[in-house]
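This is what each chain is made of:
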Amino acid sequence: MVSLKDIARECRVSAATVSKALNDRKDIGEETKARIKKTAEEMGYFPNSAARILKTKRSYHIGVLFLDDAGSGLTHEYFSGMLNGIMFEAESLGYDITFINTHSQKRKMSYLEHSRYRNFDGVVIVCVDFNHPDVQQLMNNNRIPVVTIDYLHQNCTAVSSNNVKGIENLVQYIYEKGHRRIAYIHGQSYSYVTKERLAGFHRAVEKLGLEIPEEYIREAKYLETEDTVKQTKELLKLKNRPTCIMYPDDTSLIGGLNVINREGLRIPEDISVAGYDGTKVSQLLRPRLTTICQNTAQIGKEAANRLISQIEKPKTALVERVVIDGELLMGESVGSVTGQ
């Protein structure tokens, strides 16, 4: 490992001068400073992390809390895109990221205890049960900055997709294709994302003057197909069945597709479907899926950026809500209908 003394020897200056140059002290000439920095870079010098922590009072280490109920983890495109956005932005700003766990060698720790144990400068919460006491404790703490994704909390900056606008745009598009009997299989009711999307759905329906029967509104788990199989079957049994079914996400929609295919119905000739997320797989399906593409990389990038801003400029930090718009992918799974 290259030391300050090695650089000093190469530049024929004192170790103190090297230290001043690398820390941008003003009591050293710019020409000398530039020469020392160039030599340090050429020699592959990296500052000692322990010394940097003592000086800056920061570890340059961010924790990420991620627990996916569906168990798809990093294999799912929605979460992997978001986590990549966090990672790339954090690393570009000089920070490392580590996933939070609750186990040490000797005892179970809370999320807050683990964050303190790892000396995290801040934490991004991506996907958890936000009502869990340990999660609430982490969000309510006053020592470690926290940014949440897709959840509002009075103590934390939140970054989210524009769920209300996304659903409104999707309903509007389906309406313009002639559909008036629109069913919505939404995600878990306790989810903040679901609450926003349901609000967007009902706003759009009210604005368009539609009357949607209660039996058209159903619940299924995100990212799973079992519930959507059951709910799709129930919708298809209705005497006045919907002409279009909206699903919680592109993955759970596949359960509905299987039911529709087994019933011998064609998409979109006999019934239309729409998803949410805009995964790559959704655009490989035939017909291509009509869906809302969420800008997951931008969501992750904004979360990391806002967190690091709080870490480095705590006196100017405010609790904010940052909303990232998605994009309607029209696809081919919503057909035109007339005479409803």
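As the structure is a computational prediction, the values presented were derived from the model and not from experiment.

*Asks:* Could you clarify how one ought to interpret the pairing of strand E6 (residues 182–186) in this entry?
*Replies:* Each regular strand carries side chains that alternate between the two faces of the sheet. Of all five residues in E6, five are buried, a share of seventy percent or more. Burial along E6 is two-sided: the face carrying Ile182, Tyr184 and His186 and the face carrying Ala183 and Ile185 are both buried. Here E6 runs beside strand E8 (residues 244–246); their pairing, made up of three bridges, is parallel. The residue of E8 that forms the bridge with Tyr184 is Met246. Two strands pair when backbone bridges link them, and E6 and strand E7 (residues 217–219) are joined in this way by three bridges, in the parallel orientation. What sits directly across from Ile185, in E7, is Arg218. On the question of chirality, the crossover connecting E6 to the parallel E7 by way of helix H9 (residues 192–208) is right-handed.

*Asks:* Got a minute to help me understand helix H8 (residues 163–176) in this structure?
*Replies:* Taking 1.5 Å as the rise per residue, H8 with 14 residues should run 20 Å; its terminal C-alpha atoms sit 20 Å apart, in good agreement. By the burial criterion, the buried members of H8 are Asn163, Val164, Gly166, Ile167, Leu170, Val171, Tyr173 and Ile174. Following H8 by one or two positions, Gly178 adopts a phi angle in the positive range, close to 100 degrees.

*Asks:* Looking at this model, I keep getting lost on the packing of H8 against H9. Mind explaining?
*Replies:* Angle between the axes and distance between the axes are the two parameters that describe a pair of packed helices. Following both chains from N to C, one finds H8 and H9 inclined at 40 degrees, their axes separated by 8 Å at the closest point. In terms of axis orientation, H8 runs oblique to H9. Judged by the sense of rotation from one axis to the other, the crossing of H8 with H9 is right-handed. Note on element contacts: H9 touches H8 through Val193, Glu196, Arg197, Gly200, Phe201, Arg203, Ala204 and Leu208, opposite Asn163, Val164, Ile167, Glu168, Val171, Gln172 and Tyr175. Split by residue class, the contact of H8 with H9 holds eight nonpolar, three polar and four charged.

Rules of the game
Residues numbered from 1 in each chain as written. Predicted model: local features only at pLDDT ≥ 70, side-chain atom pairs only at ≥ 80, totals over all residues. Heavy atoms only, no water. Buried < 20%, exposed > 50% of the residue type's maximum accessible area, 1.4 Å probe, protein only. Helix = DSSP H or I, 4+ residues; strand = E, 2+ residues; numbered from the N terminus. Pairing = 2+ DSSP bridges. Right-handed = clockwise from strand over helix to strand, strands pointing away. Expected span 1.5 Å × (residues − 1). Axes fitted to C-alpha atoms, helices over the stretch in contact; angles between N-to-C directions. Parallel < 35°, antiparallel > 145°, perpendicular 65-115°, else oblique. Left-handed = near helix turned anticlockwise from the far one by under 90°. Contact = heavy atoms within 4.5 Å. Nonpolar A, V, L, I, M, F, W, Y, C, P; charged D, E, K, R; others polar.

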